[in-house]
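As a plain string of letters, each chain reads:
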Amino acid sequence: MSRSERNQISRRVLLASAGAAAGATFTAGAPVRAATEPSAFGPVKIRQGDPRYEGLLRGNNFRHVGRPDEIRVVGSTDQVVRAVTEAVRAGRRVAVRSGGHCFENFTTDPAVRVLLDLSSMDEIGYDADKRAFAVQPGATLGQVYRTLHKGWGVTIPAGTCPAVGAGGHIVGGGYGALSRRYGSVVDHLYGVEVVVVDRDGTARAVIATREPNDPHRDLWWAHTGGGGGNFGVVTRYWLRSPGATGDPSRLLPASPQRMLECVLVWPWAGMTEQVFTTLLRNFGVWHERNSAPGSRSADLFGLFLAQHRNAGSFMVVAQIDADTPGVDAVVTDFVAAVTAGTSVQPIVNSRRTAPWVHKASWPGSGESGNGDTRRYKNKAGYLRRSMTDKQIAAVYRNLTNSTGGEGSGMMLLGYGGRVNTVSPDATAVPQRDSVMKVVYQTVWADEADDAANLSWIRTFYRDVYADTGGVPVPDDVNDGSYINYPDTDLADPAWNTSGVPARTLYYKGNYPRLQRVKARWDPRGVFRHALSVEPPEL
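Residues numbered from 1 in each chain as written. Predicted model: local features only at pLDDT ≥ 70, side-chain atom pairs only at ≥ 80, totals over all residues. Heavy atoms only, no water.

## Re the UniProt feature "domain: FAD-binding PCMH-type" (unreviewed entry) in the protein chain
UniProt records the feature "domain: FAD-binding PCMH-type" (unreviewed entry) for residues 64-244 in the present numbering. The span residues 64-244 carries 23% helix and 24% strand; its end-to-end C-alpha distance comes to 42 Å. (UniProt positions renumbered as here; feature names shortened; annotations may be inferred. Helix = DSSP H or I, 4+ residues; strand = E, 2+ residues; numbered from the N terminus.)

## Examining the sheet that holds strand β13 (residues 348-355)
Read across the sheet, seven strands follow the order β13-β10-β12-β11-β15-β16-β14 without closing on themselves; strand pairing throughout is antiparallel. On the outer flanks of this sheet lie β13 and β14 (375-383), each paired with one strand and no other. Averaged over all neighbouring strand pairs, the angle between strand axes comes to 15 degrees, with direction disregarded. Looking at chain direction, strand β10 (residues 258-267) and β13 are connected through eight bridges and run antiparallel. When the bridges of β13 are listed, Leu264 appears paired with Asn349. Packed onto the sheet, helix α8 (residues 327-339) meets β10, β11 (301-307), β12 (313-321) and β13 and runs at close to 20 degrees relative to β10. (Pairing = 2+ DSSP bridges. Axes fitted to C-alpha atoms, helices over the stretch in contact; angles between N-to-C directions. Contact = heavy atoms within 4.5 Å.)

## Observations regarding the packing of aromatic side chains
Tallied over the full model, the rule gives 28 aromatic pairs. Judged by centre distance (5.7 Å) and plane angle (90 degrees), the rings of Phe103 and Tyr376 are edge-to-face. Separated by 273 residues along the polypeptide, Phe103 in the loop between β3 (94-97) and β4 (114-117) and Tyr376 in strand β14 bring together distant segments of the chain. We note that Phe103, like Tyr376, is buried. Taken together through their ring pairs, the aromatic side chains of Trp266, Trp268, Phe276, Phe283, Trp286, Phe304, Phe314, Phe334 and Tyr396 make up a single cluster. We note Arg240 situated over the ring of Tyr190; from NZ or CZ to the ring centre the distance is 4.2 Å. When the ring centre of Trp221 is taken as origin, the NZ or CZ atom of Arg513, which lies over that ring, is 3.9 Å away. (Phe/Tyr/Trp six-rings, centres within 6.5 Å; stacked < 30°, edge-to-face > 60°. Buried < 20%, exposed > 50% of the residue type's maximum accessible area, 1.4 Å probe, protein only. Lys NZ or Arg CZ within 6 Å of the ring centre and 35° of its normal.)

Below, the structure written as structure tokens:
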């Protein structure tokens, strides 16, 4: 193997292991301000013709570009209230953007006339009155991890793309490398501040908590996985683990000191379907057998990063707190289980230990495309156990065909563990007995390649779920999809022939309750998008 080929593999390993769990691309975040420092920023109104306008139109996915009348950059809850009030009075549709990593066009829909940019609302700190950590929506996950770690030695089990904004990530039920150990991030959500619009058009800020006697508790519940852009504008989260007491350093999970990462890479050259099938099946079976809450194995976060053959290789990554008792044995057993029954040796087999906060918050990796052009489409599903042989055959077929690009592939990501100790209706996240998530992704550079890439990923997804109408209908293997990886194809009868609506795939039995929350807190339907929660039919 040439030095160039090894460098390309090393780069793909770095990008995939740092950015895979969020299934998204990202850019570097903004500086952190202390939570006690008053915000002097904004509001800033940017309209067409302003030299700043074009540069602020796009989110992270350059496929989607809107033309709102105004981009309102806000820096406080009061500014959000005023902006929403003005938009409602003028009859202009409003959308909200914090990190800008939505996979679809929720904030760039042509009908959106006012885009609220919350990226400047990035304060993070401890709120002594609520005995919880306050995080504004514009704070990136990397900022959150670093601030919590530096200040109190605590963390949250959220995503591994450090430039994703907390705003949309938390409300959609975010997860990451620590979720098998600590649960979903919403399992630690104590409260939320939301700007809502009453029936008479009045915008106001409401604080809702998980306290049983809170009259606004239903609004808190809707933000534990209901997805962004549905009920109002989140202006602050409060985070504290259930039952946690004592000083701030005991109110959230302790942040690990070090992360051990093991990387295995196989070349596609010479790879047989039998070996690939065995590796993929073994990975799934390991998660079936090693996702018991509280077990040492549940501390390990595994990723199967199956890039298309045109990328040259695929890989398995394991990440784990390096100070877990018996950590080397846990990783060794994982590697042995995944590779059992195969004879093809990986061309990379490495283990490295690094400070956890560096791995969690370093913004220098995970970017897909470049600064000028970045286009992608993602799809997703939950898995209750390993994929079936028929599904694995479909995976192999689509990863080795002639139409996939270097940026195309599929990721299996470890889930379950502590996540599955929570009742399906305790939060808005209903998938509480899955052991993996699966993400299908294609990334490309040029608009001229849109049709080919969209056709590839849509065909791939439909092929994997051919027995259930082209989508992951809940059954003994599949368990619907994940709203933070929104996919409007699930609402398109051309691609979803199952008869099971997108709302069921995302929310299952929790959807009627979300509808009631919608009717109470957004009676005018101010906040909506292509997959938004609809009010109940009268």
